[in-house]
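Overview (structure and organization)
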Amino acid sequence: MTEKITGAEALMRALEHEGVDVLFGYPGGSIMPTYDALYDHKKTLNHILVRHEQGAVHAAQGYARVSGKVGCAIVTSGPGATNTVTGIADAMIDSTPMVVVCGQVGVAMLGTDAFQEVDVVGVTSPISKWSYQIRRAEDVAWAVARAFYIAKSGRPGPVVLDFAKNAQTGMVEFEPAEVDFIRSYDPDPDVNMADIERAAKMINNSVKPFVLVGQGVELGNAQKELRAFLEKADLPCGTTFLGLSAIPSDHPLNMGILGMHGNLGPNVMTNQCDLLIAIGMRFDDRVTGNLATYAKQAKIIHFDIDRAEFNKNVPVDLTVWGNCKKTLAAVTMLVDEAKHTSWIEGFKPYEEKEYTKVIDKALHPTEGPLLMGEVIRKVSEAANNEGIMVTDVGQNQLMACRYFKFTQPLSVVTSGGLGTMGFGLPAAIGATFGAPDRTVCLFVGDGGLQMTIQEFGTIMEQGAPVKIILLNNNFLGNVRQWQEMFFAHRYSFTPMLNPNYELIAKGYGIPAKTVIERKDLDAAIAEMLATPGPYLLQCAIKEEDNVLPMTPPGANIDEMLLEI
Amino acid sequence: MEQDTSKLYTFLIYSENVPGLLSQITAVFTRRQVNIESLNVCASSTPGAHKYTVTANCDERMARILTSQIEKRIEVLQAHFYTDDELFINETALFKLSTPVMLKNPDVGRMVRFHNARIIEVNNTYTVVEITGITNDILSLFDTLKMMDCVLQFVRSGRICITKSRVEHLDEYLAVREAKRIAQQEK
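Residues numbered from 1 in each chain as written. Chains lettered and ligands numbered in written order. Predicted model: local features only at pLDDT ≥ 70, side-chain atom pairs only at ≥ 80, totals over all residues.

**Some remarks on the overall build of chain A**
Looking only at helices and strands, chain A features 24 helices and 20 strands. Its C-alpha atoms give chain A principal-axis dimensions of roughly 75 × 60 × 40 Å. For chain A, the proportion of its 564 residues judged to be buried stands at 56%. A fraction of 78% describes how many contacts in chain A between residues 6 or more apart in sequence connect residues 24 or more apart. (Helix = DSSP H or I, 4+ residues; strand = E, 2+ residues; numbered from the N terminus. Buried ≥ 20, exposed ≤ 12 C-beta atoms within 10 Å, placed from the backbone. Contact = placed C-beta atoms within 7 Å.)

As structure tokens, this is what we get:
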């Protein structure tokens, strides 16, 4: 007979069986049996104690995004669980594989409004890929295997396991379970060759093709397949924020970023191409602008693994369902080697116009306070354009996505869909565990930093080597920009009185420096990167710097403002 | 003015028999501001599979989006939407009528028979009448009896229906999935 162990111990062994090596978490009443079991697994399951449960989920997201593995967070019931809600919703909309284990009161207490009881499955069902309550120790092995399978397969997403206390303490004979098939769920559809042939024909007949690259390429580990596809048929492309590192920034076919704060060329050409080929992206409103005028002249092909994305926002002419690693490889076999030289040349005037009117001014100012763009580009280059870019949300994010450069895949950690302020700092901590050999650069504003600033404690305790670049403009900058543009300069509660961030960082033992003058910037960045471990570099940024160009909300995507 | 293209669609949804799915399915409608007109949930003829019959007014594009969002839930096997002409449809209603009024007014009994309704219980106080049919037949009887001032209680079930199609989509789907499971196992 196999030995009997507790459900909590079974969870540890099940997590190890799934290859988990890092957990981000915070203990509490209803998860104590599990934490007790964890005490004996410290060598294999590296538990990172965060300072707030929101930090645990964002750290798990950061870990997942740079490692391609499933991030794992563990918290207690009630407030512990509800504090993870933002991170779960964030992971859902940004397709991040994550398993969140929440403690729960014992089954006998369920529904009695017990201390720290909350209906976690009810709360998280609409914002998770799968949410399940483990009520018996016997179900641990199966539930964990199923959770990891669902989280990482198909279009990845967050899974919640609500772990009742009696299931943690109950005894069970443990056998690890394997789940690689669920009857009602098809995460790896067979490639439909008829669709592939149709797609190839449309591409071969196109004179002005344009490819939209989304995070699906990174999630499907199809970066090589994408390049082969683009290069064979000579297809220019633009990327979403989350798809930024799916193709190197300086690849000759990479025309830049799509959407509201993207580049002029890709947005204008979206409305001039004759064939739009969307790969692993979901036509978010920040990418499309006004749907009534979006790419109306073009035929559209949509490659995606999530069928529910087809025809959701934009009606398309052909859908190609499947993992783009397979579908791109298949379509590449059938497309003709082609040259679209004059079409690609057509992007140049827009690139030059944007460079003169916006980029040159953002990167090479000669007087006045520091600008976000110049700081970001200098950090990127000082890290040989090989760093991981983590951002918070707001101007820091838009500017980082515009001016950080990428040569390596899986290098973007940003809250794209949910736009979660406070995401950056804990996500960057997670990224240092997911990619310990890479330089993790966090760009964060003075607003967002304070939303999760308690995670300085986690950085201190772990020595997590996050290079924090604080772009401090004493404003909630992006809201202020919208107030300037659309609310007649009425700065309603966007100016911020800030604390002394250097002092705070130093209180946590994090080396810190403030740069005010341009002449000191290069040396300060070099010092930050040369200092082992974490570092806070505060940059005093021009207070009313704006992110340009911009397509105003609801406007046509090709009508970008280059100046205000 | 934009043309109103909305009409009543019937959604037939099959899922695994797990708790919590009903709220996931209704949430898909709520989130997109589509009101559910009727809802019926029961075990289906396929072992282990539950059948949800939902009716709602929306346009075809929304019906398509609702269906794909429902099908995206992990434990949902299949979701399809239909118009009335693609289905055999039935509803049941029960009336509790005042027996004294019925005795005074013979037209009540006449109308019950005219609508092919059935009396299933009679006592001095009330009479229970059952009718099966489509929504319009049932509501027509209700309106008539209401005018005769004899209705004590009225209840109408949600729609139930089966498809007219000669293809059983669920069986086909399950056969394909089973073949894939076996292929995967052999690999």
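**Quick word on helix 17 (residues 372–382) of chain A**
Residue and element names in this part refer to chain A. The element helix 17 is largely enclosed, with a buried count of 8 among its 11 residues. Within helix 17, burial applies to Met372, Gly373, Glu374, Val375, Ile376, Arg377, Val379 and Ser380. Of the residues trailing helix 17, Asn384 is marked for its positive phi of about 55 degrees.

**With respect to the packing of helix 17 of chain A against helix 24 (residues 521–530) of chain A**
In a pair of packed helices, the angle between the axes and the distance between the axes together describe the arrangement. Residues and elements named next belong to chain A. Contact geometry for helix 17 and helix 24: axes closest at 10 Å, N-to-C directions at 45 degrees. The orientation of helix 17 relative to helix 24 falls into the category oblique. Viewed along their axes, helix 17 and helix 24 form a crossing whose handedness is right-handed. Between helix 17 and helix 24, the contacting residues are Val375, Lys378, Val379 and Ala382 on the first element and Leu521, Asp522, Ile525, Ala526 and Leu529 on the second. A breakdown of the residues in the contact of helix 17 with helix 24 according to their chemical character gives 7 nonpolar, no polar and 2 charged. (Axes fitted to C-alpha atoms, helices over the stretch in contact; angles between N-to-C directions. Parallel < 35°, antiparallel > 145°, perpendicular 65-115°, else oblique. Left-handed = near helix turned anticlockwise from the far one by under 90°. Nonpolar A, V, L, I, M, F, W, Y, C, P; charged D, E, K, R; others polar.)

**Quick look at the interface of chain B and chain A**
Accessible area lost when the parts come together is the quantity often used to give the size of an interface. Tallying the contact residues gives 18 residues for chain B and 16 residues for chain A. Broken down by secondary-structure element, the contributors of at least two residues to the side of chain B that touches chain A are strand 1 (7–16), helix 1 (21–31), helix 2 (60–72), strand 4 (76–82) and helix 6 (169–186) of chain B. The dominant element in the side of chain B that touches chain A, judged by the number of residues it contributes, is helix 2 of chain B, at 5 residues. Residues belonging to the side of chain B that touches chain A are distributed by class as follows: 5 nonpolar, 7 polar and 6 charged.

**Section: the environment of Arg282(A)**
All names here are of chain A. As for its position among the elements, Arg282 is in the loop between strand 12 (275–279) and helix 13 (285–288). For the pair Arg282 and Thr240, spaced 42 residues apart in sequence, the C-alpha separation works out to 9.7 Å. Residue contacts for Arg282: discarding those within four places in its chain leaves Gly214 and Glu309.

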